[in-house]
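Report on the structure
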Amino acid sequence: MNATPDADELHVSRSEHGNQWTVAVDFGPAASDAVTVEIVGDTAIVAVDAPGQRTEFDVPLPDDDGDITVNNGVLTIQNAA
């Protein structure tokens, strides 16, 4: 069952300021503990595995150097500045 919206339906924001960049995806608070992320090259592979929410998708990144945090259902990947 894939009850999580496709990546196209999720709110994904990207911002770049000089050499710094941030990518954020809002899954909602229900998914906070169920999100895993692996960065491969310049792509973040995001998986959500929660009851009623299962999906996996790729998020393109500006480069291959990013720190990952998940807080209150918001995944944030940003480069180390």
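For the structure, check the block above.
Presented here is an overview of the structure given in this document.

On to the environment of E56. The residue E56 is located in strand β5 (residues 53–60) in this model. Counting along the chain gives ten residues from E56 to V46, while the straight-line C-alpha distance between them is 5.6 Å. Apart from the residues within four sequence positions on either side, E56 is in contact with I45, V46 and A47.

On to a negative patch on the surface, then. Together, D42, D64, D65 and D67 line one region of the surface with negative charge. Tracing the backbone through its elements, the reader meets D42 in the loop between β3 (35–40) and β4 (43–50). Given a relative accessible area of 43%, D42 falls into the partly exposed group.

Of the strand pairs in this sheet, strand β1 (residues 11–17) and strand β2 (residues 20–26) are connected by seven bridges, and their pairing is antiparallel. The residue bridging S15 from the neighbouring strand is T22, located in β2. The antiparallel hairpin formed by β1 and β2 contains two residues in its connecting segment, where G18 sits at a positive phi of about 60 degrees.

Quick notes on the rules
- Residues numbered from 1 in each chain as written.
- Predicted model: local features only at pLDDT ≥ 70, side-chain atom pairs only at ≥ 80, totals over all residues.
- Heavy atoms only, no water.
- Helix = DSSP H or I, 4+ residues; strand = E, 2+ residues; numbered from the N terminus.
- Contact = heavy atoms within 4.5 Å.
- Patch = residues over 30% accessible without salt bridge, like charges linked within 9 Å, V, L, I, M, F, W, Y side chains within 5 Å.
- Areas by Shrake-Rupley, 256 points an atom, 1.4 Å probe, with all protein chains shown as cover.
- Salt bridge = Lys/Arg side-chain N within 4 Å of Asp/Glu carboxyl O.
- Lys, Arg positive; Asp, Glu negative; His and termini not counted.
- Charge placed at Lys NZ, Arg CZ, Asp CG, Glu CD.
- Buried < 20%, exposed > 50% of the residue type's maximum accessible area, 1.4 Å probe, protein only.
- Pairing = 2+ DSSP bridges.

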